[in-house]
Amino acid sequence: MKIIIIIAFCFFLNFSLAFAQQPPRGGGGGFNPQNMPAIGKISGKILDKQTQKPLEFATIALMRIRRGGQGRNPATNTPTNNPNNSPNNLAAKDSLILETGTVTNEKGEFLLEQVKVGRFFLKIDFIGYQTLRSDTFLITPKNAEVFLLNLQIAPNDQKLEAVEVIGEKAVYETQLDKKVFNVDKNITATGGTVTDVLQNIPSVTVDIDGNVAMRGSGNVTILIDGKPSGLTGANRAAALSQIPASAIEKIEIISNPSARYDADGMSGIINIVTKKNKLEGLNGNASVGVGTRNKYNAALNLSYKVGKINVYGNYSYRFDQRYGFGYGLRQNTFQDSVWNTDQFNNQLNKPHFHIGKVGLDYYLNTRNTLSFSLAYSNRLNDETEQIRYQNSNRNRQLSNLFRRDNASTGRGNNFDYTLNYKHLFPKSKAEWTADAVYSTFANDNQSRFTQQNYSIQTKLPTTELPTLQDVLNDNQVRILTLQTDFILPVGKDKKGKFESGYKAILRQIDNDFAFNLFDYQQNSWRRQTKLDNLFAYSENIHAGYVLLSNQFKGLNWQAGLRAEQTFTTSDQRITQKVVNNNYFNFFPSLLINKTFKGDNEIALSYSRRINRPNVNSLNSLIDYSDPINLRAGNPLLTPEYINAFELSYTKSWQSYSINSTVYYRSISDVISRIRTVDSLGVALMTFKNLASGTSYGLELVGRLQPANWLDFTLSGNIFQTTIKGTIGDGDLNNSTFTWNARFIGNARANKTLSFQVIGNYNAPNIIPQGTFVAIYGIDFAVKKDVLQGKGSLTFNVSDVFDWREFGINQIGTNFISENRRKRETQVATLNFTYRFGSKDFAPSRRRNSKGNEGEMNGGGGGDF
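Residues numbered from 1 in each chain as written. Predicted model: local features only at pLDDT ≥ 70, side-chain atom pairs only at ≥ 80, totals over all residues. Heavy atoms only, no water.

> Is there a simple way to explain the environment of Asp 320 in this structure?
By the secondary structure assignment, Asp 320 is in strand E21 (residues 309-320). With 33 residues separating them along the chain, Asp 320 and Phe 353 place their C-alpha atoms 8.4 Å apart. Among the polar contacts made by the side chain of Asp 320, one reaches the side chain of Arg 322 at a distance of 3.2 Å. (Helix = DSSP H or I, 4+ residues; strand = E, 2+ residues; numbered from the N terminus. Polar contact = N/O pair within 3.5 Å; in protein donor to acceptor, adjacent residues only side chain to side chain.)

Here it is in structure tokens:
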């Protein structure tokens, strides 16, 4: 009954508002141009001044003006004392940034949509004609549409220069409800993957296995273009390591999401936004790269936009061979008996990644857009690993010695089918969208284990035949996401906004493990059914939300409520144990924002979140892949619930800015990993809900530009984490103070040569039974533009000093352990990128009044 009510309410609300509303009078409104939605529309027509005929393929560049003081003539770059409505009279401290662009159609007409509020002018270029700059104009909620009819440009026999692009995006930007990391500015990740990008983002940490955490918590939701994907539905770390950084436009960090977003994720949401080029004509880029110790990458991105159709596609390939090694030392204590169980391992991975995407945008008219895309990824990985196990007494005298080798081959395929529809209502400025995404992921892995006993005296293999074990793992993930959203400006002056929507995520995961043991007497493989593991998990989430935002006495506020009904079924088919867990929850959110004079902004937010157990933590059957380190899930786990509070302050000056955030999280039913050791020295790791936990801290992000050619971004996060719980009759309490910091430095030697240095440090972090050791490293990159800006060479080195490694120290009831693992992180890569198409938007640069340099690549294609 609850789910029926939610669905009925949301559909009724969306469709009744979308199609039965009375067109309101007036325009919309907003409180902060940088945080307002992209509601502007600019249209017009370009004519030949002499013949009065329309010009097709004339280039339209929309230039944003950042206000300053004294006037400046951009044509001569000289000051003027009488600024007016002409773009030739700008303030001395004004800077110009290319907002977007297009070209005219066969009728000389153009249309620019989804423009944010601000002050602009148009720059019109056409080969053989003089450059024309329109008068400046404002896009505001009350004046969201601008019509510039019959703009006339005069012929010119002189060859015109390419469009000048002035200004550039910062590496890191702070917006109203999120922080944005612009990937193109992170040249140290050129030729790398999303994992390489994430480890350079403030608030985010990545361990040696590619597991992502935010503000000390690994319970973070990762979306691709705002939607869950089968690519991240199984082994998320492996999935992120195959998405190329070149396919990503930006990464959004939403630490305290509103009711608009999924409630899942303790520490918030990381949204990976992929590139999608919308320039007219044929555009593209191609890149190749090579790295140390057998690493190669290549990519091709193409897009073609003409009239009402935009077609795009891309393909990329990566071969990323990596070595690794490590050790685990454990001292076991039972009554008066003490002994050691140690292991030492070496491994080599040889993964091949193929990933591609094709898509189509069809602009039915200026108000209706239909989009479809298909993304595909393929993974083939060969891995070899050798682990040496040894047991010894308290004096380190060996009592047992054996080696376990593993040769495995894994294959995976992922498909994402996406269908989108968008409708804009002309009078009310309302917007309605509908989305459907179907994602599949199939992975099969075969591992051949060979276990050989060794002589304690000679350290050589014994005469015993080795134990041979074959493990087959088949993993299937299917996700269907259905979503509809409606946005309507409300209030007397349309300064407010009402939003509502419905979303369904239907997820099905099947894991099948089969174990075979080689029988030397029969000379054949025999199935070990007692070790088989067949587990199925389904999770259906139905959600509806309402969100209202407006202004009140100088305050900007946003309040929302999300309702979610969850149906889950854990089916352990070997033991025939089925556990159903269905629950209904409300998730409120609140955001209050105030902007003061002098670019001061303060914001207070609250949200309630949920962290659902993942499939691996629910499977109760024991995993025997490692004979002395076993693993089992707990199907009785319940979700964690989080109440999150944030207070942030942002201040901007001409050459530097700072953002500070104080946050607090209260967690109930904390899901934690628990490790126990039996009398034989065999460890079992499982999961349990502990009593409670809290986390609070301070995050600082600052950007400094001491010179026109130099800028720095510094960030730090200081936090206290406390966990309280019980295991059996004993208390399990742990508390620690920890921190992490990052530094990003960018320097430009000249117009074509730039450098970047990134350093990060993650201090030790606690878990219920121990502590993760510190992780730190430095990355370096240099980029050189060549071929008149059409190409670029990038050389980068990750972990320059080879410092990064993973470590964990644990203490339990009857054991003490130390584990270290080192993965190849010191890698040098050389990449070359060539851009082509849209010649009127070929990259060229000129310094603005602040000395910044900008660029716009004529390619980009529809990556991933």
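> Please explain the environment of Ser 255 as it appears in this structure.
As for its position among the elements, Ser 255 is in the loop between strand E17 (248-254) and strand E18 (269-274). Here Ser 255 falls in the buried class, since its relative accessible area comes to 15%. In this structure, the C-alpha to C-alpha distance between Ser 255 and Gly 265, residues 10 residues apart in sequence, is 9.6 Å. The residues touching Ser 255, leaving out its near neighbours within four places in the chain, are Met 214, Arg 215, Ser 267, Gly 268 and Glu 646. Within the structure, Ser 255 has its side chain in polar contact with the side chain of Glu 646 (distance 2.7 Å). (Buried < 20%, exposed > 50% of the residue type's maximum accessible area, 1.4 Å probe, protein only. Contact = heavy atoms within 4.5 Å.)

> Looking at this structure, how should I read the packing of aromatic side chains?
Aromatic rings in a pair are described by how distant their centres are and how their planes are angled relative to each other. The final tally for this structure, using the stated rule, is 24 aromatic pairs. Judged by centre distance (6.5 Å) and plane angle (25 degrees), the ring pair of Tyr 664 and Tyr 696 falls under stacked. With Tyr 664 in strand E36 (residues 656-668) and Tyr 696 in strand E39 (residues 692-707), the pair connects residues that are 32 residues apart, well separated along the chain. Tyr 664 sits in the partly exposed class, given a relative accessible area of 33%. What makes Tyr 696 partly exposed here is its relative accessible area of 40%. A centroid spacing of 5.5 Å and a plane angle of 20 degrees characterise the contact between Tyr 761 and Tyr 776, whose relative ring orientation is stacked. Of this pair, Tyr 761 sits in strand E42 (residues 753-762) while Tyr 776 is found in strand E45 (residues 775-786), placing the two residues 15 residues apart along the sequence. Residue classification places Tyr 761 among the partly exposed positions, given a relative accessible area of 27%. A relative accessible area of 34% means that Tyr 776 is categorised as partly exposed. Taken together, the ring pairs in this structure connect Trp 739, Tyr 761, Tyr 776, Phe 801 and Trp 803 into an aromatic cluster. (Phe/Tyr/Trp six-rings, centres within 6.5 Å; stacked < 30°, edge-to-face > 60°.)

> Explain the nonpolar core here, please?
Across soluble globular proteins, nonpolar side chains have a tendency to be buried as a group. Ranked by size, the top nonpolar core spans 24 residues in total, and within it Leu 198, Ile 201, Val 204, Val 212, Ile 251 and Ile 270 carry the most contacts. Going through the elements one at a time, helix H2 (194-198), strand E14 (204-206), strand E15 (212-214), strand E16 (221-224), E17 and E18 are the ones with two or more residues in this core. Counting 20 residues, the second-largest nonpolar core is a separate cluster that includes Leu 62, Phe 120, Ile 139 and Leu 148. (Core = buried A, V, L, I, M, F, W, Y, C linked by side-chain atoms within 4.5 Å.)

> Is there a simple way to think about the sheet that holds strand E11 (residues 145-153) in this case?
Within the open sheet, the 3 strands sit side by side as E7-E1-E11. Their pairing is mixed. In this open sheet, the two edge strands, each paired with only one partner strand, are strand E7 (109-115) and E11. Going from strand to strand, the sheet's axes swing by 15 degrees on average, the running direction of each strand aside. As paired elements, strand E1 (residues 40-48) and E7 share 6 bridges and run antiparallel to each other. The residue of E7 that forms the bridge with Ile 42 is Leu 112. (Pairing = 2+ DSSP bridges. Axes fitted to C-alpha atoms, helices over the stretch in contact; angles between N-to-C directions.)

> I would appreciate a short explanation of unusual backbone geometry in the present structure.
Note on backbone geometry: most residues besides glycine have negative phi, and most peptide bonds are trans. Here Asn 523, not a glycine, exhibits a phi torsion of approximately 55 degrees, which is positive. Relative to the elements of secondary structure, Asn 523 occurs in the loop between strand E28 (496-519) and strand E29 (524-527). Of note, the phi angle at Gln 576 is positive, near 55 degrees, even though the residue is not glycine.

> Quick question: what am I supposed to make of the confidence of the model for the protein chain here?
The predicted coordinates of low-pLDDT regions are not to be read in fine detail. Across the protein chain, pLDDT averages 80, with 81% of residues at or above 70. A low-confidence stretch, residues 2-35 stays under pLDDT 50, and its non-local contacts, those more than four residues away or across chains, total 81 contacts. Long-range and interchain partners of residues 839-864, a stretch whose pLDDT sits below 50, account for 121 contacts in this model, where long-range means more than four residues apart. (pLDDT = per-residue confidence, 0-100.)

> I keep staring at the pairing of E17 and nothing clicks. Help me out?
Successive side chains on a regular strand alternate, one facing one side of the sheet and the next facing the other. The element E17 is largely enclosed, with a buried count of 5 among its 7 residues. Judged from the 4 bridges that link them, strand E13 (residues 179-182) and E17 form a sheet pairing that is antiparallel. Bridge pairing in E17 links Phe 181 to Ile 251. Here E17 pairs with E18 via 6 bridges, running antiparallel.

> What should I look at first to understand the sheet that holds strand E38 (residues 683-689) in this one?
What links the strands of a sheet is backbone hydrogen bonding, and the strands pair in either a parallel or an antiparallel sense. The strand order across the open sheet formed by 3 strands is E34-E38-E37, and the pairing between neighbours is mixed. The open sheet is flanked by strand E34 (629-631) and strand E37 (671-677), the only strands paired with a single partner. With direction set aside, neighbouring strand axes in the sheet form an average angle of 30 degrees. Strand direction decides the pairing type here: E37 and E38, joined by 7 bridges, are antiparallel. By the bridge assignment, Ile 674 is partnered in E38 with Thr 686.

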